[in-house]
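# Fold and contact review
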Amino acid sequence: MAIGTTAEATTGTTDTADRTVGARVHTFLRVSVALQTVAVLFQAVTAGLLLSTSYGETLHSVGARVMYGSSMLYLLAAVLAWRPGGGSPRPVLYATGFLVLASAQVVLGVAHVPSVHVPLGVVVFGLSVAVLVRMPAVRATRRTAGTRD
């Protein structure tokens, strides 16, 4: 047996484990993008409430924190899918872009610049939906006759 080779590696069980971990990381990435998309949609709804109710400002403020946190979570998931997961670095670039846009949104919102804040929010929502729709779904791997759980 070669150095570093184990019985698990020769039977293929580590390959199955690697695929399972990869599927979990991909699922985490997909869930984090979905959370970000829902958070941005919530911001759009609370922006309308901001104009028409007394509690709209509180909801929009809380939603801003959740949206910013979900952007950070998306970046974390993208890095985990890329580095340990062996995936493409492209989601890291997308997630970094979203975090930059989320930062701009926070700054523009705090500065009360709705002429840029609102259209940028629409762009962020559209991009987030586009990334979510374009993400490939995780397909279940078929079990071969020689492998066991």
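In the block above lies the structure referred to throughout.
The following refers to the structure shown. In this text the structure is predicted, and so the values were computed from the model without any measurement.

### Thoughts on the packing of aromatic side chains
Counting across every chain of the model gives 1 aromatic pair. Here the aromatic rings of tyrosine 74 and phenylalanine 98 are separated by 5.8 Å at their centres, their planes lie at 55°, and the arrangement is tilted. Separated by 24 residues along the polypeptide, tyrosine 74 in helix α3 (residues 56-82) and phenylalanine 98 in helix α4 (residues 90-110) bring together distant segments of the chain. A single burial state applies to tyrosine 74 and to phenylalanine 98, both of which are buried. The ring of tryptophan 82 has arginine 83 lying over it, and the distance from NZ or CZ to the ring centre is 5.0 Å.

### Structural notes on the packing of α3 against α4
Viewed as axis vectors pointing N to C, α3 and α4 meet at an angle of 165°, and their least axial separation amounts to 8 Å. In this view, α3 runs roughly antiparallel relative to α4, as classed from their interaxial angle. Considering only the axes of α3 and α4, their crossing is left-handed. Taken together, the residues of α4 that come into contact with α3 (itself represented by Met67, Tyr68, Ser71, Met72, Tyr74, Leu75, Ala78, Val79 and Trp82) are Pro91, Val92, Tyr94, Ala95, Thr96, Phe98, Leu99, Ala102, Ser103 and Val106. Class assignment of the residues belonging to the contact of α3 with α4 gives a composition of 16 nonpolar, 3 polar and no charged.

### A closer look at the packing of α4 against helix α5 (residues 114-134)
It is at 10 Å that the axes of α4 and α5 come closest, and there the two elements cross at 155°. Judged by the inter-axis angle, α4 sits roughly antiparallel to α5. Helix-helix and strand crossings are classified by hand; for α4 and α5 the assignment is left-handed. Residue-level inspection shows Tyr94, Phe98, Leu101, Ala104, Gln105, Leu108 and Gly109 of α4 in contact with α5, the latter providing Val116, His117, Leu120, Gly121, Val124, Leu127, Ser128 and Val131. Across the contact of α4 with α5, the residue classes tally to 10 nonpolar, 5 polar and no charged.

### Focus: a nonpolar patch on the surface
Among the surface-exposed residues, Phe42, Tyr55 and Leu59 lie close enough to one another that they form a single nonpolar patch of about 270 Å² accessible area. Looking at where leucine 59 falls in the secondary structure, it is placed in helix α3. For leucine 59, a relative accessible area of 31% corresponds to the partly exposed category.

### Some points on unusual backbone geometry
The residue histidine 112 is not glycine, and still its phi comes out positive at about 55°. Note that histidine 112 resides in the loop between α4 and α5.

Cut-off values and rules
Residue numbers here run from 1 along each chain, matching the order of that chain's written sequence. With pLDDT at 70 or above as the cut-off, local features in this predicted model cover only qualifying residues; side-chain atom pairs require 80 or more to be listed or tallied, and sums for whole chains, interfaces and linings still use all residues. Where side-chain values are given, they derive from all heavy atoms of the structure, hydrogens and water being excluded. Put simply, two rings from Phe, Tyr or Trp (the six-membered ring, in Trp's case) pair if the centres are within 6.5 Å, and we call them stacked under 30 degrees between planes, edge-to-face over 60, tilted for the rest. Per the convention used, a helix needs a DSSP run of H or I reaching at least four residues, while a strand needs a run of E reaching at least two, with both numbered from the N terminus. For every residue, the accessible area obtained with a 1.4 Å probe (protein chains only) is divided by the maximum for its type, and the residue is called buried under 20%, exposed over 50%, and partly exposed between those limits. When the NZ atom of lysine or the CZ atom of arginine is within 6 Å of a ring's centre and also within 35 degrees of its normal, the charge is said to sit over that ring. Under this scheme, a helix contributes an axis fitted over its contacting stretch, all axes are lines through C-alpha atoms, and angles between N-to-C directions fall in the 0 to 180 degree range. Angles are sorted into four bins: roughly parallel if under 35 degrees, roughly antiparallel if over 145, roughly perpendicular if 65 to 115, and oblique for all others. By the definition used in this description, the sense in which the near helix is turned from the far one sets the handedness, with an anticlockwise turn below a right angle giving left-handed and a clockwise turn giving right-handed. Throughout, a contact is declared for two residues whenever any of their heavy atoms are within 4.5 Å. When residues are sorted by character, Ala, Val, Leu, Ile, Met, Phe, Trp, Tyr, Cys and Pro go into the nonpolar class, Asp, Glu, Lys and Arg into the charged class, and all the rest, Gly among them, into the polar class. Each patch is built from residues that are more than 30% exposed by relative accessible area and take part in no salt bridge. Like charges join if they lie within 9 Å; nonpolar side chains (Val, Leu, Ile, Met, Phe, Trp, Tyr) join within 5 Å. Methods summary: accessible areas were calculated by the Shrake-Rupley approach with a probe of 1.4 Å, and residue burial reflects only the protein chains presented. Salt bridge, as used here, is a side-chain nitrogen of Lys or Arg placed within 4 Å of a carboxyl oxygen of Asp or Glu.

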